[in-house]
Amino acid sequence: ELAASLDCTNIGRNYVTAVANFSTISTPTRDDFKAVKRERKLAERQYRGCTKEINREFKSELKRIKELYPKLEGQTELNLRNKAEKDKAIAAAIITRDLKIQELPILPPLPFFQR
């Protein structure tokens, strides 16, 4: 649904282009600056959408891990082994989520505009 419309590898591409174009204008107008600000807002919305999607995937992965390593009555040794495996799987899921978030493009700051 939402993920299909999110292109998380190209976040802010239009914004970066707008910033570059803005910097080539010798005397930018307020409208020129507003256009750049609009692109920045769209890029920020896209960034938030992508982090939300990454966190949603992470939550469902945690749920899957929990189901994979259940706690069983009277199975102390198996439960200890399951807990160790579950902790390893959770740690791997956290690392995966953090890497995905770090891989999102960083948006450059808004250009300086003085009127």
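Shown above is the structure to which this text applies.
Bear in mind that the values here come from a model prediction, so they are computed numbers and not experimental data.

Enquirer: How should I be thinking about the overall build of the protein chain in this particular structure?
Expert: Summing up its helical and strand segments, the protein chain has 4 helices and 0 strands in all. In the protein chain, the order of α-helices and β-strands from amino to carboxyl end is α-α-α-α. Taken over C-alpha atoms, the radius of gyration comes to 22 Å for the protein chain, far larger than the 13 Å a tight globule of 115 residues would show. Dimensions of the protein chain, computed from C-alpha atoms along their principal axes, come out at roughly 75 × 25 × 20 Å. Burial analysis of the protein chain (115 residues in total) assigns 23% to the buried set. For the protein chain, the share of sequence-separated contacts (at least 6 apart) that also reach a separation of at least 24 residues comes to 79%. For the protein chain, the exposed surface amounts to about 8700 Å²; the carbon and sulfur share of it is 55%. Within the protein chain, the 16 negative side-chain charges are centred at a point lying 6 Å from the centre of the 23 positive side-chain charges.

Enquirer: Just checking my understanding: could you explain the pattern of salt bridges for this structure?
Expert: A side chain of one charge can pair with a side chain of the opposite charge if their charged atoms are brought near each other. Applying the stated criterion to the full structure yields 7 salt bridges. A salt bridge links Asp-87 to Lys-83; its shortest N-O distance comes to 2.9 Å. Residue Asp-87 and its partner Lys-83 are both found in helix H4 (residues 76-102); the two are separated by 4 residues, about one turn of the helix. For Lys-83, a relative accessible area of 47% translates into the label partly exposed.

Criteria and cut-off values
- Residues numbered from 1 in each chain as written.
- Predicted model: local features only at pLDDT ≥ 70, side-chain atom pairs only at ≥ 80, totals over all residues.
- Heavy atoms only, no water.
- Helix = DSSP H or I, 4+ residues; strand = E, 2+ residues; numbered from the N terminus.
- Rg over C-alpha atoms; globule rule 2.2 N^0.38 Å.
- Buried < 20%, exposed > 50% of the residue type's maximum accessible area, 1.4 Å probe, protein only.
- Contact = heavy atoms within 4.5 Å.
- Areas by Shrake-Rupley, 256 points an atom, 1.4 Å probe, with all protein chains shown as cover.
- Lys, Arg positive; Asp, Glu negative; His and termini not counted.
- Charge placed at Lys NZ, Arg CZ, Asp CG, Glu CD.
- Salt bridge = Lys/Arg side-chain N within 4 Å of Asp/Glu carboxyl O.

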